[in-house]
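Residue-level listing of the chains:
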Amino acid sequence: MDHETFSAVDEFVTANLVEHDEALQGALDAAEAAGLPAIQVSPPQGKLLQILARLQGAKTVLEFGTLGGYSTILLARALPPGGRLITLEANAEYAEVAGASIERAGLGEVVDLRVGPALETLPALEQEGAGPFDLTFIDADKVNTPNYFAWALDHSHPGSLIIADNVVRNGSLGDAHDADPATKAQRALHETLANESRVTATTIQTVGGKGYDGFTIALVERA
Ligand code: SAH
Ligand code: DHB
Ligand code: MG
């Protein structure tokens, strides 16, 4: 199997099963025009996020890593009326592009976009008493995934979902000797999960247009 095959399947699935409209295309076009990297979730993965948010009945969502707002718009659309999504983005230029796309999608009132490195914007959320979040999507700087997970877990409730993207990293997750700090962080996340009685979790490997990667899903246990 090769990348071309994975892409073809992603395209087939997307064409048949994934809704697409002007606002989403506008977000992708604006991101491309502004030179943002095209590292947003794939359409099938975005659809999974939407299904999980709906299954969860999520009213409060926290997202780490906005980029151009593609996953933000998808998740925000999965919320019921009155639902709120807080998204954290370190890069001010990306945030500006995302903010405009979120507005164009009619989600300006639903989405609260905070600009700055997440570890620096989380204390304000803490002070405001933000959360608990029904669903957290961790998709920012990969070395900090364990830190974001810890914060998300402390701002969850029994039944909350915490999803971390890009944990498999072309298979390097399985290599104890991999020196990449981003890989080491995903292995550390798994050690934390193994020893954390408050959650039950799994990691699913994925192939697709974006290559070989995967995500972790952790469910906060009911006491
Ligand atoms: N969730 C997006 C993709 C996010 S890509 C989507 O699927 O559409 C990762 C993003 O995390 C980038 O925009 C990057 O600027 C941002 N990022 C990197 N370091 C960060 C940090 N310390 N805090 C918050 N965001 C960060
Ligand atoms: C990168 C980030 C992502 O969130 C992703 O899905 C793929 C790649 C990156 O930083 O390279
Ligand atoms: Mg990602």
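The following refers to the structure shown. Values in this document were obtained by computation on a predicted structure and should not be read as measured data. (Residues numbered from 1 in each chain as written. Chains lettered and ligands numbered in written order. Predicted model: local features only at pLDDT ≥ 70, side-chain atom pairs only at ≥ 80, totals over all residues. Heavy atoms only, no water.)

## Observations concerning the coordination of the magnesium ion (ligand 3)
- Taken together, D139 (OD), D165 (OD) and N166 (OD1) make up the protein donors of the magnesium ion (ligand 3), found 2.0 to 2.2 Å from the metal.
- In the primary structure, the donors to the magnesium ion (ligand 3) are separated according to the pattern D-x25-D-N.
- Since its relative accessible area comes to 7%, D165 is described here as buried. (Donors = N, O, S within 2.8 Å, 3.2 Å for Na, K, Ca; no water. Buried < 20%, exposed > 50% of the residue type's maximum accessible area, 1.4 Å probe, protein only.)

## What about the site of ligand 1?
- As a matter of local geometry, ligand 1 sits amid 21 residues, with G65, S71, E89, A118 and D139 nearest to it.
- The separation between a nitrogen atom of ligand 1 and a polar main-chain atom of A118 is 2.9 Å.
- For ligand 1, a nitrogen atom lies 3.2 Å from a polar atom in the side chain of D141.
- Expressed as a share of its isolated accessible area of 590 Å², the protein-covered part of ligand 1 is 89%.
- For the shell around ligand 1, the secondary structure elements donating two or more residues are α4 (70-77) and β2 (84-89).
- Considering only residue class, the shell around ligand 1 consists of twelve nonpolar, five polar and four charged. (Near = heavy atom within 4 Å. Polar contact = N/O pair within 3.5 Å; in protein donor to acceptor, adjacent residues only side chain to side chain. Areas by Shrake-Rupley, 256 points an atom, 1.4 Å probe, with all protein chains shown as cover. Helix = DSSP H or I, 4+ residues; strand = E, 2+ residues; numbered from the N terminus. Nonpolar A, V, L, I, M, F, W, Y, C, P; charged D, E, K, R; others polar.)

## Regarding empty space enclosed by the protein
- Applying the stated criterion across every chain, the model contains two cavities of 30 Å³ or more.
- Considered as a void within the structure, the largest cavity measures approximately 70 Å³ in volume.
- Lining the largest cavity, in full, are V41, Q45, L48, L49, F137, I163, D165 and F215.
- It is helix α3 (residues 43-55) that contributes the most residues to the lining of the largest cavity, three residues altogether.
- Here the residues of the lining of the largest cavity sort into six nonpolar, one polar and one charged.
- Approximately 40 Å³ is the volume found for the second largest cavity.
- Forming the walls of the second largest cavity are A27, L28, A31, Q40, L67, G68, G69 and Y70.
- The residue makeup of the lining of the second largest cavity, split by class, is five nonpolar, three polar and no charged. (1 Å grid on protein atoms, 1.4 Å probe; cavity = no way out; pocket = protein on both sides within 12 Å on 5 of 7 lines; lining within 4 Å. Points joined across faces, edges and corners; volume = space filled by probe spheres on them.)

## Points about the packing of α3 against α4
- Where α3 meets α4, the closest approach of the two axes is 8 Å, and the angle between their N-to-C directions is 30°. Comparing their axes, α4 and α3 come out roughly parallel. Seen from above, α3 lies across α4 with right-handed handedness. Counted together, P43, G46, L49, Q50 and A53 of α3 and Y70, S71, L74, L75 and R77 of α4 form the full contact between these two elements.
- Within the contact of α3 with α4, the residues separate by chemical class into six nonpolar, three polar and one charged. (Axes fitted to C-alpha atoms, helices over the stretch in contact; angles between N-to-C directions. Parallel < 35°, antiparallel > 145°, perpendicular 65-115°, else oblique. Left-handed = near helix turned anticlockwise from the far one by under 90°. Contact = heavy atoms within 4.5 Å.)

## Focus: the sheet that holds β2
- Read across the sheet, seven strands follow the order β3-β2-β1-β4-β5-β7-β6 without closing on themselves; strand pairing throughout is mixed. Of all the strands in the sheet, the pair left with one neighbour each is β3 (111-115) and β6 (199-206). Pairwise comparison of adjacent strand axes, ignoring direction, gives a mean angle of 15° for this sheet.
- With eight bridges joining them, β6 and strand β7 (residues 213-220) adopt antiparallel strand pairing. Opposite T206, over in β7, you have D213 as the bridge partner.
- Along the sheet face, helix α6 (residues 118-128) touches β1 (60-64), β2 and β3 and points at about 150° away from the line of β2. (Pairing = 2+ DSSP bridges.)

## Focus on the packing of aromatic side chains
- This structure, assessed with the given rule, holds two aromatic pairs.
- Ring centres of F64 and Y148 lie 4.4 Å apart, and the angle between their planes is 15°; on these two criteria the pair is classed as stacked. Taken together, the residues F64 in strand β1 and Y148 in helix α7 (residues 145-154) connect sequence positions 84 residues apart.
- By relative accessible area, F64 is classed as buried at 0%.
- Among the residues examined, Y148 registers a relative accessible area of 2% and is labelled buried.
- A centroid spacing of 6.5 Å and a plane angle of 40° characterise the contact between F133 and W151, whose relative ring orientation is tilted. Taken as a pair, F133 in the loop between α6 and β4 (135-138) and W151 in helix α7 lie far apart in primary sequence, 18 residues in all. (Phe/Tyr/Trp six-rings, centres within 6.5 Å; stacked < 30°, edge-to-face > 60°.)

These results come straight from atomic positions and should not be treated as a statement about function.
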